[in-house]
Amino acid sequence: MSADGLTVRDLCVSARRGQESIAIASDMSFSVAPGEAIAIVGESGSGKSLTARAVMGLLPEGVTASGEADFVGRDLLTLSAADLRRLRGREMALVMQDPFTMLNPLERCGVQIVEALASGRGDRLSRKERRRIAGERLREVGIDDPAVADRYPFELSGGMRQRVGIAAAIAEQPRLLIADEPTTALDVTIQREILELLGSLRSAHSMGLILITHDLRVAFSVCDRAYVMYAGSLVEVAPTPLLARAPRHPYSLGLLLADPPSDRRVEELVGIAGSVPSPGSRPPGCPFAPRCDYRIGACTASLPPLAEVGADQFARCIRADELRVELGTRLAAAQGGEQGGEATLATPLEGEPLVVAEHVRKVFGGRGGSDVVALDDVSVQVAAGESVGLVGESGSGKTTLGRVLVQLEQATAGSVRVGGVELVGTAVRRRDAAAVRDVVQMVFQDPYSTLNPARTVGATLKEAAALAPGGMTQSSGELLEHVGLPASYAARRPAQLSGGERQRVAIARTLARRPRLIVCDEVVSALDVSVQAQILNLLRRLRDELGLAYLFITHDLAVVRQITDRIYVLQRGELVEEGPTATVLDAPSHPYTRRLVASVPEHPQSGAIGSR
Amino acid sequence: MSATADPTTDAVAARTRTRTLPRVPPSVAVAALLLLVVVVCAVVPGLLAPDSPSQINPLEGLQPPSAAHLLGTDALGRDVLSRVIYGARSVLTGPLIVAIAVLAISTALALLSGYRGGWVDGVLGRTMDTLYALPPLIVAIVLVGVFGGGYTLAICVLIVFNIPNSFRALRAAVVERRGLPYVDAARSLGVPPRRVMLQHLLPNIVPLIVAGFFLRLTYGVVELSSLSFLGLGVPPGSADWGRMLAENRAGIFENAWAAIAPGVALVVVTVSANFVGDWLYERVEQKRRSR
């Protein structure tokens, strides 16, 4: 076995659109040695996924790659489709993001794991042999129950499916494993297990690992070296501990700062203004220049080279040297952390809280009598002006509770009073239903379907404003400015907005209705880190200005730390812990909460874990 | 509930917005032109037809094409070309009425059924299933035969039997969109159900309605002509392509054109309508998808 891993030089990926060719990624050079783990880090639109797919020879129609990708003595980019097919699986393998669609729903897991396996001479293995190997691989990914091999994917949880996917990827013991956002769709507790699994597998098999992620914490927890991508080019390359301590490109610093810490609250989150440009509309010169705090005239002149700025550290910034101290100081300042306004508990106002939910039970009727209990004896209160977190993993019932409050679902039993109106057990009169809507409104998770694609932003906002108590008082222009968008956006359609902008419009839409409480359902989880911070800051500002109360539904403990005073922790529909945010997160008392807190990958600024 | 973030849509198709002028492919241009000709024939047949479509001239029966009669004459000596031109009227009006009525009714029912769900959905769905189980042409033949024919009755029967198909497609689209956050948002803002259906759901199923319209139009042409061919539907003697096909079969050896011309005209109309409909659907759908 040759000891060489993968070496990519000057890889360019471009897509054809009509006559023109649009660069998706350019001048990508990176290498992975056997047993080494590297991370390609970037936000959406950076081109990281297609870069990896180019290496695997799995580019979609109309997208082409040029350059060199040397893998065990062969150039992957010049290999024929048949040769590549022989390499895939045997020599290199891919683990994909979505565990729910990665596996074929019609085949048993065991079959999928050993699908491509053949004996040394290329014959099909015997049935017994295949079973043995499937069981072995499953044990390797931490599934000790051999019965899993006989199950269908839909019978398994997301985390289990991802394990099966990994088992299938490593079935033939490839030398290179590419994992494309392997944990993004998973709950935090499972995310940690999968990351640890990937880390141990690569050392056990001395396998090269390329981890593609948008999350610096994930990269730092598993990888030796990180390649930071922005808008199609590498902006910084450094060993992970070094990158965490002393980033040399303003974008890397921006990413580090934008990622909220989970162990303390910071005064003001530092987002990166604007959003990632899409391929085809990238600015000339340094693509990051328009969003950079340290921009000078020369930045937009031409794309700077990726220059060595220190031992084993490269940055694509013409000011890398002069900014070294400045960037370090800013990071240190953020780390030292003005322990910003820790949970100033809102003084309970006179009268009843906005929301009083007691012993709420919600059962979804499954077919054939298989009922699903989404909420079981959950009691929650939200007072005026208070920001309350509802924390839990998928299936914990947190979204269901939110939907009950805005009358999108009906609770099965218990009592839910919103603004004094009882929502459970009685037919809610029309006038009362309207009164409840005057109190509570909701912002939804997915920015891409939260706005009606057929209507302009202005029409959406006007409709909401017209329904507000006392009629329309704010124009859509005012509303847009309130959430930090130019008034001219009223004429746009959702298709012309970025994810962050759409989420701002969605917030403006609820504000138009002038509620006193906003249920925020995972409002930042689909957004890039740099944009996430902008939205969290906006929500904080609106709360200060308007005295809003929030019910913040999230799985992200760092986010909940930044924005809430009190939290409730839900596990499988049951309330397991509640209390002031800082108290619960610093000294969790319930085992489940302890597990949640322990699962958060350590903050990049506190250094890497587990690498080497 | 967990992060369905999709940072892997990284590039390409994702948020690329191309606003190019519609380039009409040649096949669609030709189809549209042919349809236009048929429409003109239907609106002002008198301007184009060389003769009256109903002038009987027994002495000139079953003549092959000549300078006087470009497509010859039928058994009663009527000018075939003129009858084909006048026939455009009945071949378009009936199916147009059918298509418009079917889409209007099935859109309304689909919105109601898909958005309301519950018993409304149940009753409507089962009704449609029942209709589906009956063969439309045979029922039409029986009804029209029993009640003594009539164009109006034929059209009504076709409307009723064409609804289930469109209804199912549109209802599925409504159900798919009903669960989207923008509909949830409208509901929780307190937007009245009628407005949710008309302002939030209807505009987003327009591409399907457009496609359905042209599909129903072509079905209508074929089905109505079939009824005419069987002697049901249009009254005897009127210039109608289906009827002409039937009447002129007998003289196929004397003047083949009398039977061929209306058949060709039928094929041209249905194929053209399909081409135009498909293209329009793609256009509207693309515009909607450019999110």
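Residues numbered from 1 in each chain as written. Chains lettered and ligands numbered in written order. Predicted model: local features only at pLDDT ≥ 70, side-chain atom pairs only at ≥ 80, totals over all residues.

A few points about the overall build of chain A
Along its length, chain A carries 19 helices and 22 strands. Whereas a compact globule of 612 residues would reach a radius of gyration of roughly 25 Å, chain A reaches 26 Å, a difference of no more than 12%. Over its C-alpha atoms, taken along the principal directions, chain A stretches across nearly 75 × 65 × 50 Å. Counted over contacts in chain A with a minimum sequence separation of 6, partners at least 24 positions apart contribute 69%. (Helix = DSSP H or I, 4+ residues; strand = E, 2+ residues; numbered from the N terminus. Rg over C-alpha atoms; globule rule 2.2 N^0.38 Å. Contact = placed C-beta atoms within 7 Å.)

Looking at the overall build of chain B
A tally of regular secondary structure across chain B gives 11 helices and zero strands. Put simply, chain B runs from its N terminus to its C terminus through helices and strands in the order α-α-α-α-α-α-α-α-α-α-α. Counting only C-alpha atoms, chain B reaches 85 × 50 × 25 Å along its principal axes. Expressed as a percentage of its 291 residues, the buried residues of chain B come to 43%. The contacts in chain B between residues at least 6 apart in sequence include a share of 70% that link residues at least 24 apart. (Buried ≥ 20, exposed ≤ 12 C-beta atoms within 10 Å, placed from the backbone.)

A few points about the sheet that holds strand 5 (residues 74-75) of chain A
Within a sheet, adjacent strands bond to each other through the backbone by hydrogen bonds, running parallel or antiparallel. Residues and elements named next belong to chain A. Reading across from one edge, 2-1-4-5 is the order of the four strands in this open sheet, with antiparallel pairing throughout. The two strands at the open ends of the sheet, each matched to only one other strand, are strand 2 (20-32) and strand 5. The sheet contact formed by strand 1 (residues 6-17) and strand 2 spans nine bridges and is antiparallel. Within strand 2, the residue paired with serine 14 across the bridge is alanine 23. Where helix 1 (residues 48-56) meets the sheet, it contacts strand 1, strand 2 and strand 4 (63-71), and its direction lies at approximately 110° from that of strand 1. (Pairing = 2+ DSSP bridges. Axes fitted to C-alpha atoms, helices over the stretch in contact; angles between N-to-C directions.)

Points about the domain arrangement of chain A
Residues and elements named next belong to chain A. Domain assignment breaks chain A into domain 1 (6-230), domain 2 (250-336) and domain 3 (355-601). Between domain 2 and domain 3, the residue contacts involve 16 residues of the former and 17 residues of the latter. Partitioning the side of domain 2 that touches domain 3 into residue classes produces nine nonpolar, four polar and three charged. (Domains from an automatic or database assignment. Nonpolar A, V, L, I, M, F, W, Y, C, P; charged D, E, K, R; others polar.)

Comments concerning helix 4 (residues 118-133) of chain B
For helix 4 of chain B, spanning 16 residues, the distance from its first C-alpha to its last is 23 Å, which sits close to the expected 22 Å at 1.5 Å a residue. For helix 4 of chain B, the buried fraction is low: one of the 16 residues fall into the buried class. (Expected span 1.5 Å × (residues − 1).)

A look at the nonpolar core
Ranked by internal contacts, the top residues of the largest apolar core, which has 257 residues, are Leu177, Leu211, Ala219, Tyr227 and Tyr550 of chain A together with Ala154 of chain B. Sort the elements by how many residues they give to this core and helix 3 (residues 80-116) of chain B lands first, with 16 residues. Residues within four places of tyrosine 227 of chain A in sequence aside, it is in contact with Phe30, Ile38, Ala39, Ile40, Val41, Leu234 and Val237 of chain A. (Core = buried A, V, L, I, M, F, W, Y, C linked by C-beta atoms within 7 Å.)

What about unusual backbone geometry?
Residue and element names in this part refer to chain A. Residue valine 72 is not a glycine yet carries a positive backbone phi of 35°. Structurally, valine 72 can be placed in the loop between strand 4 and strand 5. Classification of valine 72 as partly exposed rests on a count of 17 C-beta atoms within 10 Å. A positive phi angle is found at glutamate 181, which is not glycine, with a value near 50°. By secondary structure assignment, the location of glutamate 181 is in the loop between strand 7 (176-180) and helix 6 (188-204).

What about the packing of helix 15 (residues 499-512) of chain A against helix 16 (residues 529-546) of chain A?
Residue and element names in this part refer to chain A. Put simply, helix 15 and helix 16 touch, their axes get as near as 10 Å, and they point 15° apart. When the interaxial angle is binned, helix 15 and helix 16 end up roughly parallel. For the crossing formed where helix 15 meets helix 16, the hand is right-handed. Residues Gly499, Gly500, Gln503, Arg504 and Ile507 of helix 15 form the contact with helix 16, whose own contacting residues are Val531, Gln534, Ile535 and Leu538. Considering only residue class, the contact of helix 15 with helix 16 consists of four nonpolar, four polar and one charged. (Parallel < 35°, antiparallel > 145°, perpendicular 65-115°, else oblique. Left-handed = near helix turned anticlockwise from the far one by under 90°.)

Some remarks on the sheet that holds strand 17 (residues 421-422) of chain A
All names here are of chain A. Strand order in the open sheet made by the four strands is 14-13-16-17, with antiparallel pairing throughout. Two strands close off the open sheet at either side, each with one partner strand: strand 14 (372-382) and strand 17. As paired strands, strand 16 (residues 413-418) and strand 17 are joined by two bridges and run antiparallel to one another. Each residue of the ladder has a partner; that of arginine 417, found in strand 17, is glutamate 422.

A look at the pairing of strand 16 of chain A
Residue and element names in this part refer to chain A. Here strand 16 shows one buried face, formed by Gly414, Val416 and Val418, and one open face, formed by Ala413, Ser415 and Arg417. Taken together, the five bridges between strand 13 (residues 355-364) and strand 16 define a ladder with antiparallel strand orientation. Pairing of arginine 361 across the sheet is with alanine 413, part of strand 16.

What to know about the packing of helix 3 of chain B against helix 9 (residues 206-229) of chain B
All names here are of chain B. Their axes nearest at 8 Å, the elements helix 3 and helix 9 cross at an angle of 135°. Relative to helix 9, the element helix 3 lies oblique. In this structure, helix 3 meets helix 9 at a crossing whose hand is right-handed. Two secondary-structure elements touch here, helix 3 through Val91, Gly94, Pro95, Leu96, Val98, Ala99, Val102, Leu103 and Thr107 and helix 9 through Ile209, Gly212, Phe213, Arg216, Leu217, Gly220, Val221, Leu224 and Ser225.

Topic: helix 7 (residues 181-189) of chain B
Helix 7 of chain B sits mainly inside the fold: eight of its nine residues count as buried. Pro181, Tyr182, Val183, Ala185, Ala186, Arg187, Ser188 and Leu189 of chain B are the residues of helix 7 of chain B that are buried. Turning to helix 7 of chain B, the residues buried within the fold contact helix 12 (430-439), strand 18 (440-443), helix 13 (457-466) and helix 15 of chain A together with helix 6 (151-178) and helix 8 (193-201) of chain B. Glycine 190 of chain B occupies a position one or two residues after helix 7 of chain B and carries a positive phi of about 100°.

Focus on the environment of aspartate 79 of chain B
Residues and elements named next belong to chain B. Considering the arrangement of structural elements, one finds aspartate 79 in the loop between helix 2 (45-48) and helix 3. Residue classification places aspartate 79 among the buried residues on the basis of 26 C-beta atoms within 10 Å. Along the chain, aspartate 79 and serine 225 lie 146 residues apart, while their C-alpha atoms are 20 Å from each other. In this view, aspartate 79 contacts Pro50, Asp51, His69 and Thr73; residues no more than four positions away in its chain are not counted.

Focus: the pairing of strand 6 (residues 92-95) of chain A
Residues and elements named next belong to chain A. Covered by surrounding structure in strand 6 are Met92 and Leu94 together with Ala93 and Val95, the residues of both alternating faces. Examined bridge by bridge, strand 6 and strand 7 share four bridges and lie parallel to one another. Bridging across to strand 7, leucine 94 finds its partner in isoleucine 178.

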